Every structure is written in structure tokens, then in C-alpha cells.
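The residues making up each chain are set out below.
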Amino acid sequence: MKKFILILFIIIFSAPSINGKAQRKWQGYLIPQGYVIVDSLTLNGQNTQIAIFSPYSMTADGCEKYVDKGENRILLIKRDSHFYRFDNVISNDVYGYIDGNESLKENGNGFELWFEKGQSCTFEYHIYIGFFNSKIKITHITLITLCNDKKKVKI
């Protein structure tokens with residue numbers, strides 16, 4: 001009987017999750033349940049990987065079932081063997097059909113977090129992030145609006 005209980009205990013607690021959905025990892029980091037990778041980037045020669053995670057219900061594919069649960073998109077940086085998680089850096093707008101696009105681009109000493117939203121009138125932000133003395137720093141932010149052929153840029 002003890003052997004049966006032990007085996008049952010091992011089976012229950014070795015299951016991927018309580019609700020039966022498999023837990024996924026990115027670069028060894030456990031991805032929160034219900035999140036998907038929106039974009040990822042590897043910085044060549046810097047031993048750095050970066051990813052944007054979004055709740056599935058906040059993406060174009062899942063927005064029809066969106067319920068506000070106070071979730072945030074996540075910017076996750078793995079540099080050497082350390083993880084850096086930022087929950088409130090990225091827009092938390094729910095993306096509809098063509099409502100927004102968020103991506104990562106390599107940029108000199110780091111990377112750029114880039115977001116664009118809109119059709120005839122657009123809004124963009126570019127957050128430039130660099131690595132200095134093993135610290136992550138925002139080097140500058142650029143905001144761009146374009147409407148009725150008038151472009152405004154703020155740095």
C-alpha cells in the first residue's frame with residue numbers, strides 16, 4: 001500500500017501542471033501559463049537572448065476571447081546565465097486584426113524595442129536598450145506620430 005501511495009504521489013507531482021497543460025521553457029526560464037512568444041532575438045557575440053511574451057488573449061489570434069485579468073506583457077533578457085524580467089516596459093494594448101506590431105531589433109551595443117500602431121494615423125515608439133558594465137540601461141526613447149502627412153518626432 002505504501003508503494004502504491006508513493007507511486008501515485010510521484011505521478012501527480014511530476015505532471016506538467018495541475019490543469020494538464022504542458023509548461024514550456026524559454027532558455028531555461030519557465031514561461032507563464034497562457035503566454036506566447038511575440039518576438040525573440042539573439043545578440044551575436046554578446047551571449048544575450050531577448051524575448052517578448054504576451055498573454056495569448058492579448059494577441060491578434062486570441063483577442064476575441066480577451067478578459068482583462070491585469071496581465072502584462074513581459075520583456076525577458078537572458079545575459080550570460082542571468083535572467084532580467086520587465087513587466088511594465090511594453091504596451092499592454094490588446095492587438096486586434098491590424099492594431100499593433102511589436103518587435104525586437106539588434107542595435108549597436110544592445111537592442112531596440114519597437115512598437116507601431118495604427119493605419120492612416122500611426123504611433124511608434126522605439127526604446128533603445130544597451131549593456132554597460134554588466135548593467136541594462138535605456139539609452140534613449142523616440143516617439144513618432146504621423147497623421148495627415150504631419151510627422152512629429154520626440155527624442
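What you see is a predicted model; the values in this text were computed from it and never measured. (Residues numbered from 1 in each chain as written. Predicted model: local features only at pLDDT ≥ 70, side-chain atom pairs only at ≥ 80, totals over all residues. Heavy atoms only, no water.)

Caption draft 1: Layout of the state of the cysteines. Evaluated as defined, the whole model comprises one disulfide. With a sulfur-sulfur separation of 1.8 Å, Cys121 is cross-linked through a disulfide to Cys147. On the criterion of sequence distance, the pair formed by Cys121 in the loop between strand S8 (110–118) and strand S9 (122–132) and Cys147 in strand S10 (residues 135–147) is long-range, its members being 26 residues apart. On the basis of relative accessibility, which here comes to 35%, the residue Cys121 falls in the partly exposed class. (Disulfide = S-S within 2.5 Å. Helix = DSSP H or I, 4+ residues; strand = E, 2+ residues; numbered from the N terminus. Buried < 20%, exposed > 50% of the residue type's maximum accessible area, 1.4 Å probe, protein only.)

Caption draft 2: Seen up close, unusual backbone geometry. With a phi angle near 50°, Asn47 is a residue other than glycine that sits in the positive phi range. Residue placement: Asn47 occurs in the loop between strand S3 (35–43) and strand S4 (48–55).

Caption draft 3: Structural view of the nonpolar core. Residues Ile50, Leu75, Leu104, Phe111 and Leu113 are the most contacted members of the largest nonpolar core, which totals 15 residues. Residue assignment for this core shows that the elements contributing at least two residues are S3, S4, strand S5 (74–79), S8 and S9. Residues contacting Leu104, with those up to four places away along its chain left out, are Asp39, Ser40, Leu41, Ile50, Ala51, Ile52, Leu75, Phe111, Glu112 and Leu113. Residues Ile31, Ala51, Phe53 and Ile74 belong to the second largest nonpolar core, which totals seven residues. (Core = buried A, V, L, I, M, F, W, Y, C linked by side-chain atoms within 4.5 Å. Contact = heavy atoms within 4.5 Å.)

Caption draft 4: Just the sheet that holds strand S6 (residues 82–86), in detail. With antiparallel pairing, the four strands of this open sheet are ordered in space as S3-S4-S5-S6. Each of the sheet's edge strands pairs with one partner strand only, and the pair in question is S3 and S6. Between one strand and the next, the sheet's axes are offset by a mean angle of 20°, whatever the strand orientation. The pairing of S4 with S5 spans six bridges and is classified as antiparallel. Bridge pairing in S5 links Phe53 to Ile74. (Pairing = 2+ DSSP bridges. Axes fitted to C-alpha atoms, helices over the stretch in contact; angles between N-to-C directions.)

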